[in-house]
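Here's the letter readout for the chains.
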Amino acid sequence: MAKTKSKKSELTKEKMLHMHRLMLDIRNFDSRVNRLVKKGKIPGMTHFSIGEEAANVGAIGAIKAGFDLITSNHRGHGQSIALEIDLNGMMAEIMGKATGTCKGKGGSMHIADLDGGNLGANGIVGGGMGMAIGAALTQKMKKTGKIVLCCFGDGACNEGTFHETLNMASIWKLPVIFYSINNMYGISTPIKDVINIDYNYQRACAYGIPGHFIEDGNDLLAVYNKFEEIVQYVRDGNGPVLVEAVTYRWLGHSTSDPGKYRTKEEVDEWKKRDPIDRFKKHLLENKIATAQEIEALEQASLAAVEESEKFALSSPEPTLESAFEDIFAD
Ligand SMILES: Cc1ncc(C[n+]2csc(CCOP(=O)(O)OP(=O)(O)O)c2C)c(N)n1
Ligand SMILES: [Mg+2]
């Protein structure tokens, strides 16, 4: 495992509360989407980030929102929210409404927010990797100072594009962080059944780049602190890095998955490691925030999600003509 300088992060109270709020937003937003799917208000398949909040917010919280870039995958709600997407536009997008972030043409698996630096979610496993190194090459050639955070799952590491893109990024020393959010399953397949090593980060040595492992991806500060160091390393022009964080999805792979391949005991065990409860405890025990301050964040988050539902439900459907717009670049 690569060594980084263990610089203790000096997080402000404001930043910590902001990250807590983003984790709450992910949990509340996805819980609401789940209810709306069950009520038949959302078409298509949806993948949830519930349980993986710290792995998303800790990593994305360490890049510069509104400046750096991310690519995402099919389980991208958490990443979009961690990058501070407008919840109203995102909910409308998931409902296929004209007011959605992609004018209702993308849906849950194709949420993008170019102004916010989100180059897009992707229904093709590993599909974001090629986009990420293309974007990283652009940043390097134009000397923008921006870095790219490429997010994907454990299963995506067995796609051919993983090898190709890590290899290209390493020889070109591109400013990209390859980030595998290891929830230990690719749909119903346990990761341990499909790799002959313990963890995917160990593959970094094959490309001559650092590999970092975050064993407890449900510990917000562990994720954030590690990413803070990695982001600096990549921004300093040292080339790409592969990072892996272990976490767990509480719900099925998608809304169509009854989850018969996992035991209730296993899921319950992971629920005890709830990233949100743990960070709340940290905030309280270290007297960083009062119970009232946290309660206010919880209420504000619920209200914002409620508002996003109202906004999306009352938004118009896209017009037929709009199907022919946004096809070619101007
Ligand atoms: C190229 C490709 N192969 C297969 C699929 C079907 N598929 C969708 S999600 C998924 C599993 C992905 O697992 P992982 O990368 O670990 O992400 P997770 O869903 O666990 O977050 C598969 C095989 C796909 N969408 N694209
Ligand atoms: Mg997975």
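Residues numbered from 1 in each chain as written. Chains lettered and ligands numbered in written order. Predicted model: local features only at pLDDT ≥ 70, side-chain atom pairs only at ≥ 80, totals over all residues. Heavy atoms only, no water.

Per an unreviewed UniProt entry, the protein chain goes by TPP-dependent acetoin dehydrogenase complex, E1 component, alpha subunit and derives from Proteiniphilum saccharofermentans. In the Cofactor (unreviewed entry) part of its UniProt record, the protein chain is described as follows: "thiamine diphosphate". (UniProt positions renumbered as here; feature names shortened; annotations may be inferred.)

Draft legend 1. Focus on the coordination of the magnesium ion (ligand 2). Those donors, Asp154 (OD), Asn183 (OD1) and Tyr185 (O), are the protein atoms that reach the magnesium ion (ligand 2), and they lie 2.1 to 2.2 Å from it. All donor residues of the magnesium ion (ligand 2) come from one chain, and their arrangement in sequence is D-x28-N-x1-Y. (Donors = N, O, S within 2.8 Å, 3.2 Å for Na, K, Ca; no water.)

Draft legend 2. Expanded view of the pairing of strand 6 (residues 211–214). Of the two faces of strand 6, the one holding Gly211 and Phe213 and the one holding His212 and Ile214 are both buried throughout. Read as a crossover between parallel neighbours, the route from strand 6 over helix 7 (residues 220–235) to strand 7 (residues 241–246) is right-handed. (Buried < 20%, exposed > 50% of the residue type's maximum accessible area, 1.4 Å probe, protein only. Helix = DSSP H or I, 4+ residues; strand = E, 2+ residues; numbered from the N terminus. Right-handed = clockwise from strand over helix to strand, strands pointing away.)

Draft legend 3. Broad picture of the nonpolar core. In terms of nonpolar packing, the biggest core is built from 60 residues, with Phe29, Leu149, Ile177, Tyr179 and Phe227 touching the most fellow members. Here this core gets 11 residues from one element, more than from any other, and that element is helix 1 (residues 13–38). What Phe227 contacts, discounting residues up to four positions off in sequence, is Gly58, Ala59, Ala62, Leu149, Ile177, Tyr179, Ile214 and Val243. One finds Ile133, Val148, Phe152 and Val176 within the second-largest nonpolar core, a separate group that totals 21 residues. (Core = buried A, V, L, I, M, F, W, Y, C linked by side-chain atoms within 4.5 Å. Contact = heavy atoms within 4.5 Å.)

Draft legend 4. Just the UniProt feature "domain: Dehydrogenase E1 component" (unreviewed entry) in the protein chain, in detail. In the numbering adopted here, UniProt assigns the feature "domain: Dehydrogenase E1 component" (unreviewed entry) to residues 26–320. Taken end to end, residues 26–320 is 41% helix and 10% strand, and its first and last C-alpha atoms sit 32 Å apart.

Draft legend 5. Geometry of the sheet that holds strand 2 (residues 148–153). Pairing is parallel in the open sheet, where 5 strands are placed in the order 1-2-3-7-6. Every interior strand has two partners, whereas the edge strands, strand 1 (69–71) and strand 6, have only one. Each adjacent strand pair in this sheet contributes to an overall mean axis angle of 20°, direction not counted. Here 3 bridges tie strand 1 to strand 2, and the two strands are oriented parallel to one another. Its bridge partner lying in strand 2, Ile70 is registered against Leu149. With respect to the sheet, helix 6 (residues 160–171) is in contact with strand 2, strand 3 (176–182) and strand 7, its orientation differing from that of strand 3 by roughly 150°. (Pairing = 2+ DSSP bridges. Axes fitted to C-alpha atoms, helices over the stretch in contact; angles between N-to-C directions.)

Draft legend 6. Representation of unusual backbone geometry. Within the chain, Lys143 stands out as a residue other than glycine whose phi angle is a positive 50°. Take Lys143: it is sitting in the loop between helix 5 (127–142) and strand 2. Lys143 sits in the exposed class, given a relative accessible area of 71%.

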